[in-house]
Amino acid sequence: MSNEAVTKSQIELSISNAGMILLSSYFTILLENLNLVQNNTFITEKARLDSISCLQYIVSGTTETNQSHLALNKILVGLSPNTNIDATINMNQNQKQLIDYLIQSAIDYWPAIGKSSINGFRGNWLMRNGILRETEDIWELFIEKRSYDLLLERCPFSFSNVKLPWMVKPLQVTWPL
């Protein structure tokens with residue numbers, strides 16, 4: 001293998017929140033409703049940084065997160081996964097309720113998974129290990145397989161290719177069934 005081929009994969013990271021990508025088609029509207037984005041642009045740099053933690057709240061239901069759990073979040077808001085941030089955010093009850101409503105709506109919109117609590121959905125679908133790999137042109141996300149992933153065949157969400165308006169590179173998702 002030539003040195004050129006070796007350098008094409010610049011970064012490879014293990015992550016624990018890979019399943020959040022299921023809801024990625026709703027991230028733009030969510031961040032608009034949280035008053036962090038307007039006209040497909042973050043209203044301030046602080047809003048971009050707050051978005052990282054808001055996306056993690058979707059997965060974990062908490063407002064404090066270890067920096068090491070935020071690589072995918074940073075990519076989804078257009079930053080390098082190595083960007084150092086304060087991983088704590090002050091969210092008000094309305095913001096938390098809006099995110100919980102998004103998750104409940106996703107559960108209701110996907111009848112194949114049956115009845116699930118918000119935390120059950122987080123644990124079964126959003127808190128998922130994966131490998132995030134950067135190549136020259138794209139990010140690749142490989143998500144661990146679980147036995148009930150057969151339900152993805154009836155998943156109403158689009159998540160195989162993600163390119164939010166502010167992302168530097170698109171994200172290609174591989175979630176084996």
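Look up a bit, the structure's there.
1. Overview of the overall build of the protein chain
Across its full length, the protein chain carries six helices and seven strands. Taken from the N to the C terminus, the helices and strands of the protein chain come in the order α-β-α-β-β-α-α-α-α-β-β-β-β. Its C-alpha atoms give the protein chain a radius of gyration of 16 Å, within 12% of the compact-globule value 16 Å for 177 residues. Projected onto its principal axes, the C-alpha coordinates of the protein chain cover approximately 50 × 40 × 30 Å. Of all 177 residues assigned to the protein chain, the portion counted as buried reaches 47%. Considering only contacts in the protein chain between residues 6 or more positions apart, those separated by 24 or more positions represent 69%. Accessible surface, the protein chain: about 9,000 Å² in total, of which carbon and sulfur atoms supply 47%. Across the protein chain, 14 positive and 16 negative side-chain charges occur, with their mean positions spaced 4 Å apart.

2. Remarks on the sheet that holds strand S1 (residues 11–15)
The strand order across the open sheet formed by five strands is S1-S4-S5-S7-S6, and the pairing between neighbours is mixed. Both outer strands of the open sheet, S1 and strand S6 (161–162), are each paired with one neighbouring strand and no more. Where S6 and strand S7 (residues 171–174) come together, two bridges link them in antiparallel fashion. From the neighbouring strand, asparagine 161 faces S7, where its bridge partner is glutamine 172.

3. Concerning the nonpolar core
Among the nonpolar cores identified, the biggest contains 59 residues, and Leu76 and Leu171 are the most heavily contacted of them. Those elements giving two or more residues to this core turn out to be S1, helix H2 (27–33), helix H3 (45–60), helix H4 (71–76), helix H5 (93–109), helix H6 (118–126), strand S5 (139–143) and S7. If you tally residues by element for this core, the top one is H3, at seven residues. Excluding anything up to four places from it in sequence, leucine 171 contacts Ile21, Leu72, Leu76, Leu132, Trp139, Glu140, Leu141, Ser160, Asn161 and Val162.

4. Side note on the packing of aromatic side chains
Taken as a whole, this structure holds nine aromatic pairs when the rule is applied. Consider the rings of phenylalanine 42 and tryptophan 166, whose centres lie 4.7 Å apart with planes at 55 degrees: the pair is tilted. Here tryptophan 166 lies in the loop between S6 and S7 and phenylalanine 42 lies in strand S3 (residues 41–42), a separation of 124 residues in the sequence. Judged by relative accessible area, phenylalanine 42 falls into the buried class, the value being 9%. Given a relative accessible area of 10%, tryptophan 166 falls into the buried group. With 6.4 Å between their ring centres and 50 degrees between their planes, tryptophan 125 and tryptophan 175 make a pair best called tilted. Of this pair, tryptophan 125 sits in helix H6 while tryptophan 175 is found in the segment after S7, placing the two residues 50 residues apart along the sequence. On the accessibility criterion, tryptophan 125 (4% relative accessible area) is buried. Relative accessible area serves as the criterion here: at 9%, tryptophan 175 is assigned to the buried category. Among the aromatic residues, those joined into a ring-pair cluster are Tyr26, Tyr109, Trp110, Phe121, Trp125, Tyr148, Phe157, Phe159 and Trp175.

5. So, H3
The terminal C-alpha atoms of H3 lie 23 Å apart, and with 16 residues this matches the ideal 22 Å at 1.5 Å per residue to within 8%. Taking burial as the measure, the 16 residues of H3 include 12 buried ones, the bulk of the element. Every buried residue of H3 is accounted for by Ala47, Arg48, Asp50, Ser51, Ile52, Ser53, Cys54, Leu55, Gln56, Tyr57, Ile58 and Val59. Taken together, the buried residues of H3 touch H2, S3, H4, H5 and H6. A positive phi of about 75 degrees marks glycine 61, the residue just after H3.

Conventions used here
- Residues numbered from 1 in each chain as written.
- Predicted model: local features only at pLDDT ≥ 70, side-chain atom pairs only at ≥ 80, totals over all residues.
- Heavy atoms only, no water.
- Helix = DSSP H or I, 4+ residues; strand = E, 2+ residues; numbered from the N terminus.
- Rg over C-alpha atoms; globule rule 2.2 N^0.38 Å.
- Buried < 20%, exposed > 50% of the residue type's maximum accessible area, 1.4 Å probe, protein only.
- Contact = heavy atoms within 4.5 Å.
- Areas by Shrake-Rupley, 256 points an atom, 1.4 Å probe, with all protein chains shown as cover.
- Lys, Arg positive; Asp, Glu negative; His and termini not counted.
- Charge placed at Lys NZ, Arg CZ, Asp CG, Glu CD.
- Pairing = 2+ DSSP bridges.
- Core = buried A, V, L, I, M, F, W, Y, C linked by side-chain atoms within 4.5 Å.
- Phe/Tyr/Trp six-rings, centres within 6.5 Å; stacked < 30°, edge-to-face > 60°.
- Expected span 1.5 Å × (residues − 1).

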